[in-house]
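Spelled out, the chains give:
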Amino acid sequence: TASATDADLPADVSVQGVKLAAGPSGRMLATWREGVTGESFGGVIKAALFVPDGNGGAWSALGVVSADGALAATSPALAYIGSGSFEIVWRQVPNPYTIEGYDMAARRFVLDAPQTSGQWLAEEAIESLDVNLLPPAIASDGAGNVIITFSTNDVVPVAYANVRSAASCAWSAAAATA
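Residues numbered from 1 in each chain as written. Predicted model: local features only at pLDDT ≥ 70, side-chain atom pairs only at ≥ 80, totals over all residues. Heavy atoms only, no water.

Let us now look at the packing of aromatic side chains. Tallying each qualifying case throughout the model produces 4 aromatic pairs. Centroid distance Tyr80 to Phe86: 5.1 Å. Interplanar angle 65°. Geometry classified as edge-to-face. By relative accessible area, which is 25% here, Tyr80 ends up partly exposed. The ring of Tyr102 has Arg91 sitting right over it, with the charged end atom 4.7 Å from the ring centre. (Phe/Tyr/Trp six-rings, centres within 6.5 Å; stacked < 30°, edge-to-face > 60°. Buried < 20%, exposed > 50% of the residue type's maximum accessible area, 1.4 Å probe, protein only. Lys NZ or Arg CZ within 6 Å of the ring centre and 35° of its normal.)

Now the structure itself:
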């Protein structure tokens, strides 16, 4: 079996918000935020795929999931959505210097035919709001339909939901749920 220890990371790297989702035939996808220790901004979302074998299995790094740039990505959420696909959603600060508002983004990972690796589909912008947002939650019906929920961190909080329809392959606009 493969494992990672603190010795595998540079001393100035921090890992936060690790999430895990189980897929078909023992495959698992893990996702997390990785950044510089002590810094709140500038982090990226990363992922790794676990593939079982006769000796237990092995993890393979899938690299950076979020756009690697000025955006500060944080708070990943993850779900297996069926048909060999996983969906990761996260929030990101479009301008970490002003910290005004958040964007929600998503990216889908599709396992290949032998399910030992796969491919990332393009990153999708889901929502952009000029308020501070709490971390998202994600769920799927197993048939490719996905829903995310998140709420504002305002004096009067508002909960929102976005739906990605398997039929349209598009995210809906945020709808207030409460």
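Right, let's get into the pattern of salt bridges. Counted by the stated rule, this structure contains 3 salt bridges. The salt bridge involving Glu34 is made with Lys46; its shortest N-O contact spans 2.9 Å. Residue Glu34 is found in strand β2 (residues 28-36), and its partner Lys46 is found in strand β3 (residues 44-51); the two are separated by 12 residues along the sequence. With a relative accessible area of 22%, Lys46 lands in the partly exposed category. Two residues, Glu124 and Arg164, come together in a salt bridge whose shortest N-O distance is 3.3 Å. Of this pair, Glu124 sits in strand β9 (residues 124-129) while Arg164 sits in strand β12 (residues 159-165), placing them 40 residues apart in sequence. Classification of Arg164 as buried rests on a relative accessible area of 6%. (Salt bridge = Lys/Arg side-chain N within 4 Å of Asp/Glu carboxyl O. Helix = DSSP H or I, 4+ residues; strand = E, 2+ residues; numbered from the N terminus.)

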